[in-house]
Amino acid sequence: MAESNITKNALADALKSLMREKNFDKISVLDICEKCNMNRKSFYYHFRDKYDLLNWIFYIGFMEHIKFDGIEELFDEKIKKNPYSIWDLITSLAEYFYSEKEFYRKALMIEGQNSFKEYFHDGLYPVVRFYMNDVVDDDETGVFTTLICDTCIAALMRWLTSDEPDEPKVAVSEMKSYLVKFAKRIIQDLEPQE
């Protein structure tokens, strides 16, 4: 492992450890550095701020979980030919968040500019837009795509922060079932009444 990755992983482990003890907004870069016996210069060589470190933890952790080398693999021919494979991605996301639920429960509660929710939304947006491309002609503002992303994040937060969240496959299966029922209801309501 390159020395750069060793340093990044040490900083990541320090932040994860600190987040078990206190809220993210109470953690400083100095706290992170002291936790892993590094100086601030080392931290800033690798990350802009603690938000950047938090986002890196998600990116690296999730990419390792799904064994992707990069997000561009989401747009390969397999996805284009089988749009339902998006459920594989959703299940993988749920499994990853569930495996680190204590950490992500706190990470998803961070509010404001540069928050993890914002970062996750920005990463989710192109995937949703790509998936929905042939379904909706989103205008330049991307209102519908943003709505879907916001809904997904709200559902994720509600599931993950519940007292005893269902296993990921169960949660995703239930979500899929409810979405199908909801879609059927919308279609039924749109049919002319006789």
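What you see is a predicted model, and the numbers here were worked out from it, not measured in a lab.

Visitor: Sorry if this is basic, but what is going on with the packing of helix H8 (residues 116-132) against helix H9 (residues 143-160) here?
Guide: Packed helix pairs are specified by the crossing angle of their axes together with the interaxial distance, meaning the distance between the axes. Their axes nearest at 9 Å, the elements H8 and H9 cross at an angle of 125°. As summarised for this structure, H8 and H9 are arranged oblique, according to the angle between their axes. The hand of the H8/H9 crossing is right-handed. Contacts from Lys 117, Phe 120, His 121, Leu 124, Tyr 125, Val 128, Arg 129 and Met 132 in H8 reach Phe 144, Thr 145, Thr 146, Ile 148, Cys 149, Asp 150, Cys 152, Ile 153, Leu 156 and Met 157 in H9. Its residues placed into classes, the contact of H8 with H9 shows twelve nonpolar, three polar and three charged.

Visitor: Just checking my understanding: could you explain the side chain of His 46 for this structure?
Guide: Mapping His 46 onto the fold places it in helix H3 (residues 40-46). On the accessibility criterion, His 46 (17% relative accessible area) is buried.

Visitor: What am I meant to see in helix H6 (residues 86-99) here?
Guide: Residue pairs spaced three or four apart in an α-helix point in one direction, given the helix's 3.6 residues per turn. For H6, with 14 residues, the first-to-last C-alpha span of 20 Å sits near the 20 Å given by 1.5 Å per residue. Along H6, ten of the 14 residues are buried, which leaves the element largely enclosed by surrounding structure. Regarding H6, the residues found buried are Ile 86, Trp 87, Leu 89, Thr 91, Ser 92, Leu 93, Ala 94, Tyr 96, Phe 97 and Tyr 98. On its buried face, H6 is in contact with helix H4 (50-66), helix H7 (101-107), H8, H9 and helix H10 (168-190).

The rules we used
Residues numbered from 1 in each chain as written. Predicted model: local features only at pLDDT ≥ 70, side-chain atom pairs only at ≥ 80, totals over all residues. Heavy atoms only, no water. Axes fitted to C-alpha atoms, helices over the stretch in contact; angles between N-to-C directions. Helix = DSSP H or I, 4+ residues; strand = E, 2+ residues; numbered from the N terminus. Parallel < 35°, antiparallel > 145°, perpendicular 65-115°, else oblique. Left-handed = near helix turned anticlockwise from the far one by under 90°. Contact = heavy atoms within 4.5 Å. Nonpolar A, V, L, I, M, F, W, Y, C, P; charged D, E, K, R; others polar. Buried < 20%, exposed > 50% of the residue type's maximum accessible area, 1.4 Å probe, protein only. Expected span 1.5 Å × (residues − 1).

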